[in-house]
Amino acid sequence: MIEFHQVSKMFAGKEAVRNLTLHIEKGSFTVLIGTSGSGKSTTLKMINRLVEHDSGEIRFAGEAIESMDARALRRRIGYAIQSIGLFPHWNVARNIATVPALLGWPKAKINQRVEELLALLNLDTQLASRFPHQLSGGQQQRVGVARALAADPELLLMDEPFGALDPVNRQALQQEMLRIQKLSGRTVVLVTHDIDEALTLADQLVLMDGGEIVQQGRPVELLTQPANAFAREFFGRSELGVRLLALGRAGSAARRGEWLDGEPIAATLTLREALSQFIARRTDKLPVTDQQQQPLGVLHFSDLLRQQEAN
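If you're wondering where the values come from, they're calculated on a predicted model, not measured in any experiment.

**Student:** Help me get a handle on the packing of aromatic side chains, residues and values and all.
**Tutor:** How two aromatic rings sit relative to each other is set out by the distance from centre to centre and by the angle between their planes. Scanning the entire structure with this criterion turns up four aromatic pairs. Pairing phenylalanine 278 with phenylalanine 301 gives two aromatic rings, centres 5.3 Å apart and planes at 85°, and the pair type is edge-to-face. On the criterion of sequence distance, the pair formed by phenylalanine 278 in helix α13 (residues 271–281) and phenylalanine 301 in helix α14 (residues 301–310) is long-range, its members being 23 residues apart.

**Student:** Can you tell me about the nonpolar core, naming the residues and giving the values?
**Tutor:** Core analysis: the biggest nonpolar cluster contains 49 residues, and Val31, Ile96, Met158, Phe162, Leu205 and Phe235 have the highest contact counts within it. Apart from residues lying up to four places away in sequence, phenylalanine 235 is in contact with Ile195, Leu205, Leu207, Leu222, Leu223 and Arg243. Of all hydrophobic cores here, the second largest spans 25 residues; its members include Val7, Val17, Leu44 and Met208.

**Student:** Describe the pairing of strand β7 (residues 155–159), with residues and values.
**Tutor:** In terms of burial, β7 is a largely internal element, five of the five residues being buried. Residues of β7 alternate between two faces, with Leu155, Leu157 and Asp159 on one and Leu156 and Met158 on the opposite face, all of them buried. Where strand β6 (residues 77–81) and β7 come together, five bridges link them in parallel fashion. Each bridged residue has a counterpart across the sheet, and for isoleucine 81 the counterpart in β7 is aspartate 159. Across five bridges, the pairing between β7 and strand β8 (residues 187–192) is parallel. Considered in β8, the bridge of leucine 156 is made with valine 188.

Conventions used here
Residues numbered from 1 in each chain as written. Predicted model: local features only at pLDDT ≥ 70, side-chain atom pairs only at ≥ 80, totals over all residues. Heavy atoms only, no water. Phe/Tyr/Trp six-rings, centres within 6.5 Å; stacked < 30°, edge-to-face > 60°. Helix = DSSP H or I, 4+ residues; strand = E, 2+ residues; numbered from the N terminus. Core = buried A, V, L, I, M, F, W, Y, C linked by side-chain atoms within 4.5 Å. Buried < 20%, exposed > 50% of the residue type's maximum accessible area, 1.4 Å probe, protein only. Contact = heavy atoms within 4.5 Å. Pairing = 2+ DSSP bridges.

Here you go:
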């Protein structure tokens, strides 16, 4: 879907990105992570030409982006950012419809798409007539994501999209994005500095430092096989165990055919979250239910150790 070949970018005589080579597969959820100034946001913005690269080549769906009309390119790419950027004088429906309207979609098709996206992002249809200032921060961010998805883009770029949200809304939106990406098979590239968010979302993780890629691969590979001291320290040696647990789900580790009374946990809960439940409830067994709240099995505390060994 996206290919960088020896790409560099300079600002005020200083290299922000240096000789970057990166391939992002179609249908992947790729997360760019690193410290401030590592070049991750610049890398993201070069994909849709909000920032033009100085040298090298970037290809989108096999075509060099410098040979494409910038506006036409951006209409094939959704873009969601932390500040959301909703038009304050437009209601929710019109904000979501921004790109389809520019593309000349029929009104009936636009209305149908707005309704689909409100449902997809668990937003009440009554919100369609409200204005951004009448929404909560979490609702505004969901509308921003809906607008980015409105024209059914081939690629979705997200730059720190959940950074301003409280922990509850942030976690809920992360799960929504995972669900949407799995349903649609859409390619997503997200920038974050939050390690736990990156581990939750990524199937491909790209660690950057000083405008260069330090290491890339599956999250478990970066945690267990760090390329150098920087990678090892970035992910935190002292927290390696709990971060590995964040890669597993309660539903996958639960023992099927078993059940016990008590408040169940959801199959979608990470094993790291399950660990907190074990400690809070002072128990060594937890019942697990599936997405339909039906009994799935029982998670044993000792299963967490086996999950670590499997990783």
